[in-house]
Amino acid sequence: MNIDWAALASVFGVSLVVTVALVGLFTLGVTGLAKQASTAQGGGSTGLARTGAYACFGLCAAAVAYGIYLIVA
């Protein structure tokens, strides 16, 4: 049995970076919705925060859909 350690390290590195990026995007989306809720109480504009949050959630959904595509195809 021969393990290709370079390939294993490469897969680990890519999966770590993608996971951190995906969690970061989701966190930005939740933060955008929280800012939208707090801005609504203060009387400010909420359109930009809501749009940014939805864009982050859309990118998360696209990344998940691409991952499922890679598994299935």
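Up top you'll find the structure we're talking about.
Rules used in this analysis
- Residues numbered from 1 in each chain as written.
- Predicted model: local features only at pLDDT ≥ 70, side-chain atom pairs only at ≥ 80, totals over all residues.
- Heavy atoms only, no water.
- Helix = DSSP H or I, 4+ residues; strand = E, 2+ residues; numbered from the N terminus.
- Rg over C-alpha atoms; globule rule 2.2 N^0.38 Å.
- Buried < 20%, exposed > 50% of the residue type's maximum accessible area, 1.4 Å probe, protein only.
- Areas by Shrake-Rupley, 256 points an atom, 1.4 Å probe, with all protein chains shown as cover.
- Patch = residues over 30% accessible without salt bridge, like charges linked within 9 Å, V, L, I, M, F, W, Y side chains within 5 Å.
- Salt bridge = Lys/Arg side-chain N within 4 Å of Asp/Glu carboxyl O.

Draft legend 1. Quick peek at the overall build of the protein. Of the regular secondary structure elements, the protein holds two helices and zero strands. Relative to the globule expectation of 11 Å for 73 residues, the C-alpha radius of gyration of the protein, 18 Å, shows a markedly less compact shape. Each principal axis of the C-alpha atoms in the protein carries an extent, and together these give about 65 × 25 × 10 Å. Buried residues in the protein amount to 10% of all 73 residues. Roughly 5,600 Å² of accessible area belongs to the protein as shown, and the carbon and sulfur atoms make up 74% of that amount.

Draft legend 2. Quick look at a nonpolar patch on the surface. Where nonpolar side chains cluster on the molecular surface, the patch consists of M1, I3, W5 and L8 and spans about 560 Å² of accessible area. Note on placement: I3 falls in the segment before α1 (5–42).

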